[in-house]
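Here are the chains, one letter per residue:
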Amino acid sequence: MEKILSVKDLAVSFKTPSDKVQAVRGIDFTLSRGETLAIVGESGSGKSVTSKAILGILSGNAVVEKGEILYGGKDILKLSEKEMCRLRGDRIAMIFQDPMSSLNPIVKVGKQITEAMVLKGKLSKSAAKERAIKLMEEVGIPDARTRYERYPFEFSGGMRQRIVIAIALAAEPEILICDEPTTALDVTIQAQILELLEKLKREHRLSMIFITHDLGVVANIADRIAVMYAGKIVELGTAEDIFYRAAHPYTWALLSSVPDLETTETLEAIPGVPPDMTSPPIGDAFAERNKYALEIDFEVMPPMFRISQTHSAATWLLHPDAPKVREPRIIRERRQRMEKMRGDEHGEG
């Protein structure tokens, strides 16, 4: 598949009055055309910092220590602000977590959708209005022509998120970054928004980066999943690799906390707290919280071990000399169900 975006050895830190926070510590991943890549991890793992670096909207105290973000043959990190303005929204757009803070409360939603189209000279005001109404209909807002003249407070949370999605699509971007877009919504509306995003991705031929702390949210929409912990990607693979063949103890812990009606195992909370990123551990950052930790985990950071062509994980448990550790029962049960379903389908065929 054609690679549309490549992130290479990206490291981002933040200056504070007393110290430096190492938010992202050398990560690598690619995004293919038409693909949905989910970046999953707890708060503070570096997910949102990564997305903001791609868009060039890091805060003033952020420092890109090293790395490249390649799009269209150019390193985004070396573009001028003027060049980034042309890229931002036009080619790469973003949907944020809280739609109310993303929308201007004193500007009608129609104007907020058309603003970028008119300012960048893409369409006349009347043509932009018609396109905005069409987008509102496309994202599932009923009576769009009337609601075009409404203010954000006149919409529910789910409808406001649909407006934000319409704004993101207005400039016809190639890449859509979704930063926790369903977190503030109830479960029913969450499912509707996920279904909408998947539909729009197909119809607009989008490539998507979906950021979340909840693996369960991306089960049905992600093609590949990158699991982040303490500023590093600790496991990367297809959705099937991660859900049924996970290899890193942190991924096991995340999966063990995802509700599953068919699993008999009790859900588990991840013990402890993430490390202080002003002084990250020298070894595996998850070691202190990892019941499978080896002595070497506290001394040396593990490399990425390749498991298959699509799957790799940074855990010393994959070293040939490591003791064999059995994955948690909840993951074994899920894989067994998947294999049984495939066997049943094959039998029916």
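A short tour of the structure in this document, coming up. Note that the coordinates shown come from a computational prediction; the quantities given were computed from them, not determined experimentally.

Extensive coverage of strand 7 (residues 175-179) is indicated by the burial of 5 of its 5 residues. Residues Ile175, Ile177 and Asp179 of strand 7 are buried on one face, and the alternating residues Leu176 and Cys178, pointing to the opposite face, are buried as well. With 4 bridges connecting them, strand 6 (residues 92-95) and strand 7 associate as parallel partners. By the bridge assignment for strand 7, Met94 is matched with Ile177. Summarising the sheet, strand 7 and strand 8 (residues 207-212) pair through 5 bridges and their orientation is parallel. Pairing of Ile177 across the sheet is with Ile209, part of strand 8.

Spatially, 4 strands are ordered 2-1-4-5 in an open sheet, and the strand pairing comes out antiparallel. A single partner strand is all that each edge strand has here, and the edge strands are strand 2 (20-32) and strand 5 (74-75). When strand 1 (residues 3-15) meets strand 4 (residues 62-71), the two strands line up antiparallel, connected through 8 bridges. Along strand 4, the bridge assignment pairs Lys8 with Glu68.

Quick look at helix 8 (residues 187-204) now. With 18 residues, helix 8 extends 26 Å between its outermost C-alpha atoms, agreeing within 8% with the 26 Å of an ideal straight helix rising 1.5 Å per residue. Buried residues of helix 8: Gln190, Ile193, Leu194, Leu196, Leu197, Leu200 and Lys201, and no others. Down the axis of helix 8, the sector holding all buried residues measures 160°, keeping them to one side. Residues of helix 8 that are exposed and angled more than 90 degrees away from the buried face: Thr188, Glu195 and Arg202. The N-cap residue of helix 8 is Asp186: its side-chain oxygen and the backbone nitrogen of Thr188 are 3.1 Å apart. Taken from the residues just after helix 8, Arg205 is the one with a positive phi, measuring 55°.

Rolled over the atoms, a probe sized like a water molecule indicates the empty space that remains. The space that makes up the second largest pocket amounts to roughly 550 Å³. Forming the walls of the second largest pocket are 21 residues, and the residues nearest its centre are Gly89, Met94, Ala116, Ile167 and Ala168. Mapped by element, the contributors of at least two residues to the lining of the second largest pocket are strand 6, helix 4 (109-119) and helix 7 (157-169). Looking at which element gives the most residues to the lining of the second largest pocket, the answer is helix 4, with 5 residues.

Our focus in this paragraph is empty space enclosed by the protein. Tallied over the entire structure, the rule returns 2 cavities of 30 Å³ or more. Looking at the largest cavity, it is lined by 13 residues, and the ones nearest its centre are Lys232, Val234, Asp284, Ala285 and Met301. In terms of residue count, the dominant contributor to the lining of the largest cavity is strand 10 (residues 232-238) (3 residues). Among the residues forming the lining of the largest cavity, the class breakdown is 8 nonpolar, 2 polar and 3 charged.

Before going further, it helps to spend a moment on helix 4. Taken together, the buried positions of helix 4 are Val109, Gly110, Gln112, Ile113, Thr114 and Met117. Lining the buried residues of helix 4 we find helix 5 (125-138), helix 6 (144-147) and helix 7.

This next bit is on the nonpolar core. With 69 residues, the main nonpolar core has Leu215, Val218 and Ile225 as its most contacted residues. Looking at which element gives the most residues to this core, the answer is helix 7, with 7 residues. If sequence neighbours within four positions are ignored, Ile225 has contacts with Leu37, Ala38, Val40, Leu215, Val218, Glu235, Leu236, Gly237, Thr238, Ala239, Ile242 and Phe243. By size, the runner-up hydrophobic cluster in this structure holds 33 residues, among which are Ile4, Ile69, Ile76 and Met228.

So, about the environment of Glu35. Structurally, Glu35 is set in the loop between strand 2 and strand 3 (36-40). The class of Glu35 is buried, set by a relative accessible area of 5%. As for Glu35 and Arg205, which are separated by 170 residues in sequence, their C-alpha atoms are 9.2 Å apart. Residue contacts for Glu35: discarding those within four places in its chain leaves Thr30, Lys201, Leu206, Ser207, Met208, Asp223 and Arg224. Among the polar contacts made by the side chain of Glu35, one reaches the side chain of Arg224 at a distance of 2.5 Å.

What counts, and at which threshold
- Residues numbered from 1 in each chain as written.
- Predicted model: local features only at pLDDT ≥ 70, side-chain atom pairs only at ≥ 80, totals over all residues.
- Heavy atoms only, no water.
- Buried < 20%, exposed > 50% of the residue type's maximum accessible area, 1.4 Å probe, protein only.
- Helix = DSSP H or I, 4+ residues; strand = E, 2+ residues; numbered from the N terminus.
- Pairing = 2+ DSSP bridges.
- Expected span 1.5 Å × (residues − 1).
- Arc of directions from axis to C-beta.
- Polar contact = N/O pair within 3.5 Å; in protein donor to acceptor, adjacent residues only side chain to side chain.
- 1 Å grid on protein atoms, 1.4 Å probe; cavity = no way out; pocket = protein on both sides within 12 Å on 5 of 7 lines; lining within 4 Å.
- Points joined across faces, edges and corners; volume = space filled by probe spheres on them.
- Nonpolar A, V, L, I, M, F, W, Y, C, P; charged D, E, K, R; others polar.
- Contact = heavy atoms within 4.5 Å.
- Core = buried A, V, L, I, M, F, W, Y, C linked by side-chain atoms within 4.5 Å.

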